[in-house]
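Residues per chain are reported as follows:
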Amino acid sequence: MKDFEAAKEFFKDTVDPSFYFDSISSEIARNNLKEAMGDSSIPLIFILGDPGVGKSHMMKVMHHSAVLSSSTLLIEHPFFDSRDLVKTLYEARGIPFDKSKSLGEFMDELLEIYAGSFCTVLIDEAQLLSNEQIEFIRILSDTKLFQFVLAMHKEEGLALLEKKQFKTRSKLVIEYGNLEENEILRYIQTLCMGHIHGEIALMFSKNEARVIARYAKGNFRMIKKFLYTLMKLLDYAQKRGLSKYRKLSSCLLTMAALDLGLVHD
């Protein structure tokens, strides 16, 4: 029997830095980011892409791979006050944080604390930052002691880059795209084969990948949700002896899409 119950766990909507799928888009983005990280001549890096394309995954992977060789900080959830960023920078150097000080005092102390070093700060979901926080990050980046990697939704990111204070700044913009049909098939087979679910991997062909791509619109997060739901349906059918639904079919794929609200009955 195929272990669909175990297989579905690998498609959960979580970020596992130990597994990185090298789609064309993600590989280009990762290589560009890898080359730029730690380069003081590029103080600002913008990672732009639609929600769910894999920006968070790449940020975690890059932080995980760089943490032993360079000074990096990863902030997965944006802070609500500029002082929260300062607090993180203080604590990263083991320095007590006094929230009663002014931002000017913090700036002077940070210049002293980080003198002679260089720190790359990765901030996910950066579209949630306030204008004040973005401006503070811009000022910090001008010191040449800090580099900021801001992952944000494409629409908000492009609007931010149109602002005067960023148009003339030295920066790198990396756009993150969606998965193609052939990449979806390779992703499924790579993940299943890697976890000894070869029989499940061989259930998928270009045709199923094409249908999944159409329903999920190539969005990595939605593809994972689709496959998680599909594994649940296959597991249910297998355990209850529903032979009609134990193999992949257009009917079963449509059922998964219906369950996720991608189509309406």
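What counts and what doesn't
- Residues numbered from 1 in each chain as written.
- Predicted model: local features only at pLDDT ≥ 70, side-chain atom pairs only at ≥ 80, totals over all residues.
- Heavy atoms only, no water.
- Phe/Tyr/Trp six-rings, centres within 6.5 Å; stacked < 30°, edge-to-face > 60°.
- Buried < 20%, exposed > 50% of the residue type's maximum accessible area, 1.4 Å probe, protein only.
- Helix = DSSP H or I, 4+ residues; strand = E, 2+ residues; numbered from the N terminus.
- Salt bridge = Lys/Arg side-chain N within 4 Å of Asp/Glu carboxyl O.
- Contact = heavy atoms within 4.5 Å.
- Lys, Arg positive; Asp, Glu negative; His and termini not counted.
- Polar contact = N/O pair within 3.5 Å; in protein donor to acceptor, adjacent residues only side chain to side chain.
- Axes fitted to C-alpha atoms, helices over the stretch in contact; angles between N-to-C directions.
- Parallel < 35°, antiparallel > 145°, perpendicular 65-115°, else oblique.
- Left-handed = near helix turned anticlockwise from the far one by under 90°.
- Nonpolar A, V, L, I, M, F, W, Y, C, P; charged D, E, K, R; others polar.

Caption draft 1: Just the packing of aromatic side chains, in detail. Considering all chains together, one arrives at nine aromatic pairs under this definition. Consider the rings of Tyr90 and Phe97, whose centres lie 5.7 Å apart with planes at 80 degrees: the pair is edge-to-face. The class of Phe97 is partly exposed, set by a relative accessible area of 23%. Consider the rings of Tyr90 and Phe106, whose centres lie 5.9 Å apart with planes at 80 degrees: the pair is edge-to-face. Highlighted residues: Tyr90 in helix α4 (residues 82–92) and Phe106 in helix α5 (residues 103–113), separated in sequence by 16 residues. Across the pair, exposure class does not vary: Tyr90 and Phe106 are buried alike. Among the aromatic side chains, those forming a connected cluster through ring pairs are Phe11, Tyr187 and Phe220.

Caption draft 2: Up close: the pattern of salt bridges. Scanning all chains against the criterion turns up 13 salt bridges. Between Glu9 and Lys12 there is a salt bridge; the shortest N-O distance is 2.8 Å. For Lys87, the salt bridge goes to Glu91, with nearest N and O atoms at 2.6 Å. With Lys87 and Glu91 both in helix α4 and four residues apart, this pair spans about one turn of that helix.

Caption draft 3: Summary view of the environment of Phe118. Mapped onto the secondary structure, Phe118 falls in the loop between α5 and β3 (119–123). Spatially, the C-alpha atoms of Phe118 and Ser71 are 6.9 Å apart, while their sequence positions differ by 47 residues. When residues no more than four places from it in sequence are discounted, the contact partners of Phe118 are Gly38, Asp39, Ser40, Ser71, Lys144, Leu145, Phe146 and Gln147.

Caption draft 4: Quick look at the side chain of Asp124. Checked against the element boundaries, Asp124 lands in the loop between β3 and α6 (131–141). Of the side chains with opposite charge, Lys55 lies nearest to the buried Asp124, which makes no salt bridge, at 6.3 Å. Among the polar contacts listed, one links the side chain of Asp124 to the side chain of Ser56, at a separation of 2.4 Å. What Asp124 contacts, discounting residues up to four positions off in sequence, is Ser56, Met59, Ile75, Glu76, Pro78 and Ala151.

Caption draft 5: Region of the structure containing the packing of helix α12 (residues 220–239) against helix α13 (residues 250–259). Two elements in contact, α12 and α13, have axes whose closest approach is 9 Å; the angle formed by their N-to-C orientations is 120 degrees. As judged from the angle between their axes, α12 and α13 are oblique. Classified by chirality, the crossing of α13 by α12 is right-handed. Between α12, through Phe226, Thr229, Leu230, Leu233 and Leu234, and α13, the contact on the second element is made entirely by Leu252, Leu253, Met255, Ala256, Ala257 and Asp259. Split by residue class, the contact of α12 with α13 holds nine nonpolar, one polar and one charged.

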